[in-house]
Structures are given as structure tokens and as C-alpha cells.
Amino acid sequence: MVYALRYKPSAFDFAVEQREKLEALRRSRSEETRRVLRAAILLDCASGMSDSVVAAVNGVNRHTVALCARKFLQF
């Protein structure tokens, strides 16, 4: 059985240059859609939104948000 990794918005404390890179990815029109989506999910998680709200805003499933956040925190 796999347990969901619990995380807090403080776990997503990005350095200034990291946040700027994610913001640039989010605004990009030429970047791969999946990279833009992942950047948006991470930035929304960092702002303190719940998984459900992040999922609704980005048009994905809540599981997708949790998976993206868990992978980010693991690496």
C-alpha cells in the first residue's frame, strides 16, 4: 500500500531564481504543455492552495496534483 506524502506550503520554499524560472515556464507559450502545467501546479501549491483547489484551477485531477508535489519533494 502506498501512502500519500503529506506536505505543507512551507515545503515549497523556492529560491528567487527558482520561482522566477517557474513563473517564466508558466507564462511560456512555446514550452511543452506538461512542463507548463507542472510549474503552475508547484507554484499554486507553494501559495498555500489545497490539492482540490489547485486541481480545479489547472483542470486536472487531485491525484495529479498530489503526484506532482510528491515527485518534486522526493527529488
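Each remark here, short or long, concerns the structure printed above.
One structure accompanies this document, and this report is about it. Given the structure is predicted, the values throughout are model-derived calculations rather than measurements.

Rules used in this analysis
Residues numbered from 1 in each chain as written. Predicted model: local features only at pLDDT ≥ 70, side-chain atom pairs only at ≥ 80, totals over all residues. Heavy atoms only, no water. Helix = DSSP H or I, 4+ residues; strand = E, 2+ residues; numbered from the N terminus. Expected span 1.5 Å × (residues − 1). Buried < 20%, exposed > 50% of the residue type's maximum accessible area, 1.4 Å probe, protein only. Contact = heavy atoms within 4.5 Å. Core = buried A, V, L, I, M, F, W, Y, C linked by side-chain atoms within 4.5 Å.

## Overview of helix H2 (residues 33-46)
Item 1. With 14 residues, H2 ought to run about 20 Å at 1.5 Å a step, and its terminal C-alpha atoms sit 20 Å apart, in line with that.
Item 2. Listing the buried residues of H2 in full gives Val36, Ala39, Ala40, Ile41, Leu42, Leu43, Asp44, Cys45 and Ala46.
Item 3. Looking at the buried residues of H2, the elements they touch are helix H1 (16-27), helix H3 (51-58) and helix H4 (62-74).
Item 4. Within two residues after H2, Gly48 carries a phi angle of roughly 100°, on the positive side.

## Looking at the nonpolar core
Item 1. The biggest cluster of nonpolar side chains holds 15 residues, and the ones touching the most others in it are Phe12, Phe14, Leu22, Ile41, Cys45 and Val65.
Item 2. At the level of elements, H1, H2, H3 and H4 are the ones that each hand at least two residues to this core.
Item 3. Phe14 has contacts with Arg19, Leu22, Leu42, Ala46 and Phe72, leaving out every residue within four places of it along the chain.

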